Amino acid sequence: GTPVTFYGNLDPTGAPANLSAVGGYISAGRPLADTFARHAITIDVSNPAFINGYGHKPLLCFGAGGFMLCSRKRDFVETFGEAGEAVSYGSAEELAGKVDLYLSRPRLRAELAAEMRDRIAANHSLHATLARACRGGEDRDAAGHPAAHCRCAGPPARAEDLEHMAVESGPAARDARRRRD
């Protein structure tokens, strides 16, 4: 079968011969980005208790140039639309079918990955995320409530406050404080 690499803790008892386990932890940044980009398909399995929202791994994977199939989460599909649905699965059978599809059609996989990367760059950069936070929930759903991606506790943040915090907490600010002290 197709070689499969598993990252994390795995009991190899009964594992198929095509499965190789890589234990331990992959550091964030370049090591993780390189790992995501190295594999044709990365599969993410979310904890069943993770009902709403979605994790950061799909954004990191697509942003690094990789391709990920992830367990279907309503908020992920609502956020990424047809592309989000195309990379989501709800059963082992659907996952197997999508793995076969995307391994056999690398051009389709590359086009879908590029679409996800474009959406992430346009809507999920630090700048875009802070802009949504600063709007303080201006986005509303059909019932007039703050949209799920805009719900926050407390008053809206002001851009100048966030910029000040970033300047005061960045590496240059830490170095300046060390020099002063």
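Owing to the predicted nature of the structure, the values given are computational and were not obtained by experimental measurement.

(A) Structural context of the nonpolar core. By size, the foremost hydrophobic cluster in this structure holds 22 residues, and its most contacted members are Phe62, Phe67, Leu69 and Val87. Listing elements by their share of this core, those giving two or more residues are helix H1 (30–38), helix H2 (57–63), strand S4 (68–71), helix H3 (74–86), helix H4 (92–104) and helix H5 (106–123). If you tally residues by element for this core, the top one is H5, at 4 residues. If we skip the residues at most four places from it in the chain, Leu69 touches Ile41, Thr42, Ile43, Asp44, Ala86, Val87, Tyr89, Leu95, Lys98, Val99 and Tyr102.

(B) Summary view of the confidence of the model for the protein chain. Considering every residue of the protein chain, the mean pLDDT works out to 78; 72% of them sit at 70 or more. For residues 149–170, every residue scores under 50 in pLDDT, and the model assigns this stretch 21 contacts once sequence neighbours within four places are set aside.

(C) A look at the packing of H3 against H5. Between H3 and H5, the shortest axis-to-axis distance is 9 Å and the interhelical angle comes to 160 degrees. Considering the angle they form, H3 stands roughly antiparallel to H5. Considering the relative orientation of H3 and H5, their crossing is right-handed. Contact residues: H3 offers Phe76, Thr79, Phe80, Gly81, Ala83, Gly84 and Ala86, while H5 offers Leu112, Glu115, Met116, Arg119 and Ile120.

(D) Region of interest: the pattern of salt bridges. The full count for this structure, using the stated rule, is 9 salt bridges. Of the charged contacts in the structure, one is a salt bridge between Asp44 and Lys57, with a shortest N-O distance of 2.9 Å. With a gap of 13 residues between them, Asp44 in strand S3 (residues 42–44) and Lys57 in helix H2 connect regions that are remote in the sequence. Residue classification places Lys57 among the partly exposed positions, given a relative accessible area of 38%. Where Arg72 meets Glu94, a salt bridge forms, and the shortest distance between an N and an O atom there is 2.6 Å. Of this pair, Arg72 sits in the loop between S4 and H3 while Glu94 sits in helix H4, and the two are 22 residues apart along the sequence. Judged by its relative accessible area of 29%, Arg72 is partly exposed. A cluster of three or more residues bridged by salt bridges with shared partners is formed by Arg72, Glu85, Glu94 and Lys98.

Parameters at a glance
Residues numbered from 1 in each chain as written. Predicted model: local features only at pLDDT ≥ 70, side-chain atom pairs only at ≥ 80, totals over all residues. Heavy atoms only, no water. Core = buried A, V, L, I, M, F, W, Y, C linked by side-chain atoms within 4.5 Å. Buried < 20%, exposed > 50% of the residue type's maximum accessible area, 1.4 Å probe, protein only. Helix = DSSP H or I, 4+ residues; strand = E, 2+ residues; numbered from the N terminus. Contact = heavy atoms within 4.5 Å. pLDDT = per-residue confidence, 0-100. Axes fitted to C-alpha atoms, helices over the stretch in contact; angles between N-to-C directions. Parallel < 35°, antiparallel > 145°, perpendicular 65-115°, else oblique. Left-handed = near helix turned anticlockwise from the far one by under 90°. Salt bridge = Lys/Arg side-chain N within 4 Å of Asp/Glu carboxyl O.

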